[in-house]
Amino acid sequence: MFFGICFFLIGISTNAQCAMCRAALSGEQNVKKAEAVNNGIVYLMVIPYLLVAIIGVLIYRMYTKKKKAV
């Protein structure tokens, strides 16, 4: 069931963009603006993954310390 849900979500179109962003970034004149928006999206996407990874590492260390103490 999990893989079915993931497969369904992967099939969703990745061209989703608000109308204002699409209008502001369309055309060849706005190449630098488009790159800046794409970089901003990547930065916004990376932060939550880093936070989850850091919390995961901290939890892992906490459990390994408890196992060594017992």
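Report on the accompanying structure. (Residues numbered from 1 in each chain as written. Predicted model: local features only at pLDDT ≥ 70, side-chain atom pairs only at ≥ 80, totals over all residues. Heavy atoms only, no water.)

Let's shift gears to the overall build of the protein chain. The secondary structure content of the protein chain amounts to 3 helices and 0 strands. Counting only residues that meet the buried cut, the protein chain has 3% of its 70 residues in that class. Only carbon and sulfur atoms are counted for the fraction: they give 72% of the accessible area of the protein chain, which is about 7000 Å². (Helix = DSSP H or I, 4+ residues; strand = E, 2+ residues; numbered from the N terminus. Buried < 20%, exposed > 50% of the residue type's maximum accessible area, 1.4 Å probe, protein only. Areas by Shrake-Rupley, 256 points an atom, 1.4 Å probe, with all protein chains shown as cover.)

Attention shifts here to a nonpolar patch on the surface. A contiguous nonpolar patch, built from Val42, Tyr43, Met45, Val46, Ile47, Tyr49, Leu50, Leu51, Ile54 and Leu58 and spanning about 1000 Å² of accessible area, is present on the exposed surface. Here methionine 45 shows up in helix 3 (residues 31-69). (Patch = residues over 30% accessible without salt bridge, like charges linked within 9 Å, V, L, I, M, F, W, Y side chains within 5 Å. Salt bridge = Lys/Arg side-chain N within 4 Å of Asp/Glu carboxyl O.)

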